[in-house]
Amino acid sequence: QVQLVESGGGLVQAGGSLRLSCTTSGRTFTRTTMAWFRQGPGKEREFVAGINWFSDATDYADSVKGRFTVSRDNAKNTVYLQMNSLKPEDTAVYYCAAAGTLGVGVTTGQYPYWGRGTQVTVSS
């Protein structure tokens, strides 16, 4: 079983920055794709960003391109989401997800392992 634990959420003013971290433990795949999803109030969970094992492939939702950056440190079993120029519409619970695949998927069904989420609130 794979455990994922997110951290780094909080309250920030619009225009500010936060960096989320997700650390995996337990059974770990040697080649995992990691992703961040988010779920705002009354909304469905949506893809935010993803990165493959070799960090040579990333994908971003259009709404965060140019503002968010996903990265990973495989030695630390940790993936990061640097969020800059935050907007009130970025307010959501952010979830880390993992899959034992090579490609970056953008749907929730492609990720069997999930963290419990961390709240990000952006005030205007």
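For the structure, see preceding data.
Presented here is a report on the structure given in the accompanying data block. (Residues numbered from 1 in each chain as written. Predicted model: local features only at pLDDT ≥ 70, side-chain atom pairs only at ≥ 80, totals over all residues. Heavy atoms only, no water.)

1. Topic: the pattern of salt bridges
Logical step 1: Enumeration according to the criterion identifies four salt bridges in this entry.
Logical step 2: A salt bridge links R38 to E46, with the nearest nitrogen and oxygen atoms 2.7 Å apart.
Logical step 3: The exposure class assigned to R38 is buried, which follows from its relative accessible area of 6%.
Logical step 4: By relative accessible area, E46 is classed as partly exposed at 36%.
Logical step 5: Among the ionic pairs, K65 bridges to D62, the shortest N-O distance being 3.2 Å. (Salt bridge = Lys/Arg side-chain N within 4 Å of Asp/Glu carboxyl O. Buried < 20%, exposed > 50% of the residue type's maximum accessible area, 1.4 Å probe, protein only.)

2. Points about the environment of Q13
Logical step 1: Assignment of secondary structure puts Q13 in strand β2 (residues 10-13).
Logical step 2: Of the residues examined, Q13 reaches a relative accessible area of 60% and is grouped as exposed.
Logical step 3: Sequence spacing of Q13 and Y60 is 47 residues, and the spatial spacing of their C-alpha atoms is 23 Å.
Logical step 4: In this structure Q13 touches V122 and S123, once residues within four positions along its chain are discounted. (Helix = DSSP H or I, 4+ residues; strand = E, 2+ residues; numbered from the N terminus. Contact = heavy atoms within 4.5 Å.)

3. Some points on the sheet that holds strand β7 (residues 68-73)
Logical step 1: Taken in spatial order, the four strands line up as β1-β3-β8-β7 in an open sheet, and their pairing is antiparallel. Pairing within the sheet leaves two strands with one partner each, and these edge strands are β1 (2-7) and β7. Strand-to-strand, the axes of this sheet are offset by a mean angle of 15°, without reference to chain direction.
Logical step 2: In terms of strand pairing, strand β3 (residues 18-26) meets strand β8 (residues 78-83) through six bridges, oriented antiparallel. Pairing of T23 across the sheet is with T78, part of β8. (Pairing = 2+ DSSP bridges. Axes fitted to C-alpha atoms, helices over the stretch in contact; angles between N-to-C directions.)

4. Considering the nonpolar core
Here is a general trend for soluble globular proteins: nonpolar side chains tend to be buried in one another's company.
Logical step 1: Counting 27 residues, the largest nonpolar core has W36, L81, M83 and Y94 as its most contacted members.
Logical step 2: Where this core is concerned, the elements lending two or more residues are β1, β3, β4 (33-39), β5 (46-51), β7, β8, β9 (92-99) and β11 (118-123).
Logical step 3: When residues of this core are assigned to their parent elements, the largest contribution, four residues, is made by β9.
Logical step 4: Aside from chain neighbours lying at most four places away, what touches M83 is G16, S17, L18, L20, R67, F68, Y94 and V120.
Logical step 5: A35, F47, A99 and Y111 belong to the second largest nonpolar core, which has six residues in total. (Core = buried A, V, L, I, M, F, W, Y, C linked by side-chain atoms within 4.5 Å.)

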